[in-house]
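Understanding the architecture of this molecule
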Protein chains: 2
Amino acid sequence: MPALPFELDRTCEIQWRGSGEGEAVVDEGWTIGPVVNGGLLMAMATTAAIQASGTGHGHPVAWSSHFHEAVRPGPVRVRAERLRAGRGFTSMSVDLRQQDSVRVTTLVTLGDLATLGDHVHASPAPPVLPEPDACLRADRSAPGSSEVALLDRLDLRLDPSTAMWALGQPSRRGVMRAWIRFADARPIDVAALPLVVDAMPPVALDMGGVGWAPTLALTGSVRSVPVDGWLRVEIRTSTVVGGLLEEDATVWDDTGAVVAHSRQIAGVSFAGPGRS
Amino acid sequence: MPALPFELDRTCEIQWRGSGEGEAVVDEGWTIGPVVNGGLLMAMATTAAIQASGTGHGHPVAWSSHFHEAVRPGPVRVRAERLRAGRGFTSMSVDLRQQDSVRVTTLVTLGDLATLGDHVHASPAPPVLPEPDACLRADRSAPGSSEVALLDRLDLRLDPSTAMWALGQPSRRGVMRAWIRFADARPIDVAALPLVVDAMPPVALDMGGVGWAPTLALTGSVRSVPVDGWLRVEIRTSTVVGGLLEEDATVWDDTGAVVAHSRQIAGVSFAGPGRS
């Protein structure tokens, strides 16, 4: 069988061994420093949930991942369990393990967006961004980014007005906006969205935070099936207290529809003392 | 041993039978129609996680509950499992069962807010509300509320400017604000917050939604230890599409500190067709 053409699909290809147990292999390309990006692990877990559900509910209308311990490149053992199969929704639990310890646990509520319908009663308009070519390409040449291999897999264009932190001048408004698509031209689909909500630089950087911001937990929701093309992402935080913050992401597709959103709780470090 | 003095604590008192298995009993007072309020079940699950953790991490800095099937008043079997015990955080999983089926699964990341510190880098100011006595007391005499027994357990005062839906005139701004405390004068503490984030009438009502709005999943976070006294709660939604919406809740204590916030994905029904 020929290899799958795109990097995300190759990584999320689970070799099932029966009864909800399988294995996947993560390469070095999905890392931030030595550890694997949480978004990639959520894409893997939600893909596993769909494949193991057996109900045909193919859309993660709500998923919640708790990150217990960092994942390193290499084999990942996947265990998927069906908790309940209802008429409209299927509930799954997925563990990702390395060296016999659970690194990430994900609860997934699967549904079918086509059945749910597409009546729009309210939906926030997408942010107005400069054209992608007038935005700042986030690549490994930027200060502090040389160890973020993940950036090679993405085509991420930051709105310059929300990227002043890269020049040492964080706005402290707690907002970042960007265009995003895959560097290898993989089409945008539902399976990509759990990665996309956690693919931005941490919003903590715009609050003056420094260094890596480990995610403790992230809950996300696919709200519409995206069309292929550029996605727009906005991330925000408003409560930054005691070394933790929440980061809310909203993702719009090229038609302006909200296709996914998420909230994560993450750590944040500051070089100096805060306003206490 | 005398009974515990407050209703929440009596309901969340788990009779442990060893190895993380226990039982609690929910009375009719926590119901909305025939089913038990999700907030009460989250209070029970997070209490179980703390008691079964064995690590001394006493604060749910992130929890995620997926609701598979409604819980009815009566006995609830509790099963708590420790997934990982780290230096700063403990990861727990808690199942709530009735009649041998899992009704609610909750992942809980426990920490210690005192250790995390209280530097405030950013925090939204609490909403300005009329005094509690100038607000609308949400009780069972209001239209459509006679079956909401939960309202007898709460002292919930709605900001009249966000309660026009009760008069058949939803603002469609997707916002609701209130003061809240317990009807039996139970002091406000960390253990109360998972209940409080899901104690408001559904924000769907302010969007013109009708009837009961079942929660599929809710993720919450305790951000500070509250002082006792009135809490202020604001709930909002912005994306109401295809029979689902997100509801974000923020809770402030009497000092104006954000003490908890949450996001849930819930169902919504409309009497007529939407803007599609």
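Residues numbered from 1 in each chain as written. Chains lettered and ligands numbered in written order. Predicted model: local features only at pLDDT ≥ 70, side-chain atom pairs only at ≥ 80, totals over all residues. Heavy atoms only, no water.

1. Here's the deal with the overall build of chain A
Assigned secondary structure in chain A consists of four helices and 19 strands. Its C-alpha atoms give chain A principal-axis dimensions of roughly 50 × 45 × 45 Å. The buried share among the 276 residues of chain A stands at 58%. Considering only intrachain contacts with a sequence separation of at least 6, the fraction spanning at least 24 residues in chain A is 67%. When the accessible surface of chain A is totalled, it reaches about 10,800 Å², and 51% of it is carbon and sulfur. Both charge centroids of chain A, one from 24 positive and one from 31 negative side chains, sit 5 Å from each other. (Helix = DSSP H or I, 4+ residues; strand = E, 2+ residues; numbered from the N terminus. Buried < 20%, exposed > 50% of the residue type's maximum accessible area, 1.4 Å probe, protein only. Contact = heavy atoms within 4.5 Å. Areas by Shrake-Rupley, 256 points an atom, 1.4 Å probe, with all protein chains shown as cover. Lys, Arg positive; Asp, Glu negative; His and termini not counted. Charge placed at Lys NZ, Arg CZ, Asp CG, Glu CD.)

2. Observations concerning the interface of chain A and chain B
In this complex, chain A contributes 51 residues to the contact, which on the side of chain B involves 51 residues. Its largest share of buried area at the contact with chain B, chain A owes to His121(A), Arg223(A) and Arg263(A), together 14% of the area lost on that side. Linking chain A with chain B are six salt bridges. On inspection of chain A and its partner chain B, the count reaches 28 residue pairs in polar contact (both at pLDDT 80 or more). Where the side of chain A that touches chain B is concerned, the elements lending two or more residues are strand S5 (59-67), strand S6 (74-85), strand S8 (101-111), strand S9 (120-122), strand S14 (215-222), strand S16 (240-241), strand S17 (244-252) and strand S18 (258-267) of chain A. For the side of chain A that touches chain B, the class distribution of residues is 22 nonpolar, 21 polar and eight charged. Pairing between S9(A) and strand S16 (residues 240-241) of chain B: two bridges, direction antiparallel. (Buried area = accessible area lost by both parts, 1.4 Å probe. Salt bridge = Lys/Arg side-chain N within 4 Å of Asp/Glu carboxyl O. Polar contact = N/O pair within 3.5 Å; in protein donor to acceptor, adjacent residues only side chain to side chain. Nonpolar A, V, L, I, M, F, W, Y, C, P; charged D, E, K, R; others polar. Pairing = 2+ DSSP bridges.)

3. Concerning the pattern of salt bridges
Considering all chains together, one arrives at 44 salt bridges over all chains under this definition. One salt bridge connects Arg263(A) with Asp248(A), and the closest N-O pair in it is separated by 2.8 Å. Taken together, the residues span a long stretch of sequence, with Arg263(A) in strand S18 and Asp248(A) in strand S17 at a distance of 15 residues. For the pair formed by Arg263(A) and Asp248(A), the shared burial category is buried. One salt bridge in this structure joins Arg236(B) and Glu234(B), with 3.2 Å as the shortest N-O distance. Classification of Glu234(B) by relative accessible area gives buried; the value is 14%. A network of salt bridges, in which partner residues are shared, links Asp133(A), Arg137(A), Asp155(A), Arg157(A) and Arg181(A).

4. Quick notes on the confidence of the model for chain A
When pLDDT is averaged along chain A, the result is 94; 97% of the residues meet or exceed 70. Scored by ipTM, the complex comes to 0.96, with pTM at 0.96. (pLDDT = per-residue confidence, 0-100.)

5. Regarding the packing of aromatic side chains
All names here are of chain A. All chains considered together, the criterion is met by two aromatic pairs over all chains. Consider the rings of Trp179 and Trp230, whose centres lie 6.1 Å apart with planes at 65°: the pair is edge-to-face. In this pair, Trp179 is assigned in strand S12 (residues 175-182) and Trp230 in the loop between S14 and strand S15 (231-236), connecting sequence segments 51 residues apart. You'll find Trp179 and Trp230 in the same group, each marked buried. Against the face of Trp30 rests Arg153, its NZ or CZ located 4.9 Å from the ring centre. (Phe/Tyr/Trp six-rings, centres within 6.5 Å; stacked < 30°, edge-to-face > 60°. Lys NZ or Arg CZ within 6 Å of the ring centre and 35° of its normal.)

6. Side note on the pairing of S5(A)
Two faces belong to every sheet, and in a regular strand the side chains alternate between them. Residue and element names in this part refer to chain A. With nine of its nine residues buried, S5 lies for the most part within the structure. In the sheet, S5 pairs with S8 via eight bridges, with the strands oriented antiparallel. Within the sheet, the bridge partner assigned to Ala62 lies in S8 and is Thr109.

7. Points about the environment of Arg77(B)
Residues and elements named next belong to chain B. Tracing the backbone shows Arg77 in strand S6 (residues 74-85). You can call Arg77 partly exposed: its relative accessible area is 37%. When the C-alpha atoms of Arg77 and Leu193 are compared, they prove to be 22 Å apart, with 116 residues separating the residues in sequence. Sequence-distant contacts of Arg77, defined by excluding residues within four places in its chain, comprise Glu21, Gly22, Glu23, Asp95, Leu96, Arg97 and Asp100.

8. Regarding helix H2 (residues 38-53) of chain B
One full turn of an α-helix is made of 3.6 residues, so residues set three or four places apart face in the same direction. Residues and elements named next belong to chain B. For H2, spanning 16 residues, the distance from its first C-alpha to its last is 22 Å, which sits close to the expected 22 Å at 1.5 Å a residue. Within H2, 13 of the 16 residues are buried, which leaves the element mostly enclosed by the surrounding structure. The backbone nitrogen of Gly39 has a side-chain oxygen 3.0 Å away, supplied by the residue at the start of H2, namely Asn37. Backbone geometry just after H2 places Gly54 at a positive phi near 70°. (Expected span 1.5 Å × (residues − 1).)

9. Concerning the side chain of His57(B)
Residues and elements named next belong to chain B. Turning to its location among the elements, His57 is positioned in the loop between H2 and strand S5 (59-67). A distance of 3.1 Å separates a polar side-chain atom of His57 from the backbone oxygen of Arg87. Among the polar contacts made by the side chain of His57, one reaches the side chain of Thr90 at a distance of 2.6 Å.

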